[in-house]
Structures are given as C-alpha cells and as structure tokens.
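Close look at the chain arrangement
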Amino acid sequence: MAKTITNVFGSANSSSNLLASPQQAVTKPEDREISLQEVEWHDSPKDCWIVIYDRVYDVTDFLDTHPGGEDILLEHAGRDATVAFRGSGHSAQAIRALDKYLIGSLPLHERLFRKLGGIRLSDIPV
Ligand code: HEM
C-alpha cells in the first residue's frame, strides 16, 4: 500500500516523491494551490487565467488559436468558466487539451466539484 507523507513541499503518495530530496521534489502543476482571489487578477489578453472544474488554467498563449475564438475566453478571464466550457459541447480532444494549460487547483474550501482523490475532468465521458 502506498504511504502518504506531508511536508512543506506538499503531500506525496508516490514512491518517486518519497525518495526525492527537497530540491528535486516533483510537483504536478495541479498541486499548486491558487485561490479565486488570485485568479481574478489575471483577467486581460496579456494574462488570462480561467477556472474549469476547480482547476486553474493559464490560457494566455491559447487565445489566438482557440477554435471558439479569443473573445469567449476573455469573457471568462479571471473567473470560473466551467459551465460555459461544458455548455459549448467540447470534444474529448478539447478536454485532453486542457492539461497543456493547467497551472494549479483551487484550495479545497473554494472547490465546487472536486475533492481530494476525485476524478479528473479528462476522465469524464463526453
Ligand atoms: C483551456 C480551455 C479551453 C480549451 C482547451 C478549448 C478547446 C477547444 C477546442 C479544441 C475546440 C474545437 C472543437 C472541439 O474539439 O470541441 C473548441 C471550440 C469551442 N470552444 Fe473552447 N476551449 C477552451 C475553453 C473554452 C471556453 C471557456 C469557452 C466558453 C464558452 C469555449 C467555447 C468554445 C466554443 C463556442 C467552441 C466552438 C467553436 C465552433 O465550433 O465554432 N471554449 N474549444
């Protein structure tokens, strides 16, 4: 059974993390905790973050190439875009593409959809 340790660098439940020194600790982007208050600051075409299913995405570099256009992303800059994202009927490919822009997750107390050990958005069948 995997052990779980918690230290100042975050929690880890894989053996590779257990062996890593503090300098080498491998952290996934989604392990970075980003509050809604911080997301709100990133609400411009030069710095555009959105929240989808409690995860935070930096879509600044995606604005130009989003097939649904830049305006629709900017409308949600600095905010939660979960309902809009799901409502536009994105394909499984689009859902997988989210991972490229992932930079963090909301703190537990601000999450609406996902609790520790929950499922990934990309695992939800479409
Ligand atoms: C990082 C976030 C997002 C990614 C990676 C993404 C990706 C994509 C991709 C790949 C498509 C092409 C069609 C498909 O494969 O489903 C698409 C289309 C579209 N997206 Fe997004 N999207 C994102 C966020 C959003 C948000 C927040 C909205 C808000 C409503 C939105 C609205 C649309 C619309 C309306 C289309 C349809 C365009 C058309 O068919 O004319 N997207 N998106």
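Residues numbered from 1 in each chain as written. Predicted model: local features only at pLDDT ≥ 70, side-chain atom pairs only at ≥ 80, totals over all residues. Heavy atoms only, no water.

1. Regarding the overall build of the chain
Looking only at helices and strands, the chain features five helices and seven strands. Helices and strands appear in the chain in the N-to-C order β-β-α-α-β-β-β-α-β-α-α-β. Per-residue burial over the chain gives 31% buried out of 126 residues. Within the chain, counting contacts between residues at least 6 apart in sequence, those at least 24 apart form 62% of the total. Surface summary for the chain: the accessible area is close to 8,400 Å², and the carbon and sulfur share equals 54%. (Helix = DSSP H or I, 4+ residues; strand = E, 2+ residues; numbered from the N terminus. Buried < 20%, exposed > 50% of the residue type's maximum accessible area, 1.4 Å probe, protein only. Contact = heavy atoms within 4.5 Å. Areas by Shrake-Rupley, 256 points an atom, 1.4 Å probe, with all protein chains shown as cover.)

2. Overview of the nonpolar core
By size, the foremost hydrophobic cluster in this structure holds 16 residues, and its most contacted members are Ile50, Ile52, Tyr57, Val59 and Leu73. If you look at the next biggest cluster of nonpolar residues, it comprises seven residues, including Val51, Val56, Ile103 and Leu106. (Core = buried A, V, L, I, M, F, W, Y, C linked by side-chain atoms within 4.5 Å.)

3. Notes on the site of the ligand
Around the ligand there are 17 residues in total, and Phe62, His66, Leu73, His90 and Ser91 lie nearest to it. Here a nitrogen atom of the ligand and a side-chain polar atom of histidine 66 are 2.8 Å apart. At 2.7 Å from a nitrogen atom of the ligand is found a side-chain nitrogen or oxygen belonging to histidine 90. At the level of elements, helix 3 (70–74), helix 4 (82–87) and helix 5 (92–97) are the ones that each hand at least two residues to the shell around the ligand. (Near = heavy atom within 4 Å. Polar contact = N/O pair within 3.5 Å; in protein donor to acceptor, adjacent residues only side chain to side chain.)

4. Points about the coordination of the iron atom of the ligand
Distances from the iron atom of the ligand to its protein donors, His66 (NE2) and His90 (NE2), fall within 2.0 Å. Considering all six donor atoms around the iron atom of the ligand, angles at the metal cover 85 to 179° and the coordination shape is octahedral. Separated by 24 residues along the polypeptide, histidine 66 in the loop between strand 5 (55–58) and helix 3 and histidine 90 in the loop between helix 4 and helix 5 bring together distant segments of the chain. (Donors = N, O, S within 2.8 Å, 3.2 Å for Na, K, Ca; no water. Tetrahedral: all angles 85-135°; square planar, octahedral: opposite > 155°, others 65-115°.)

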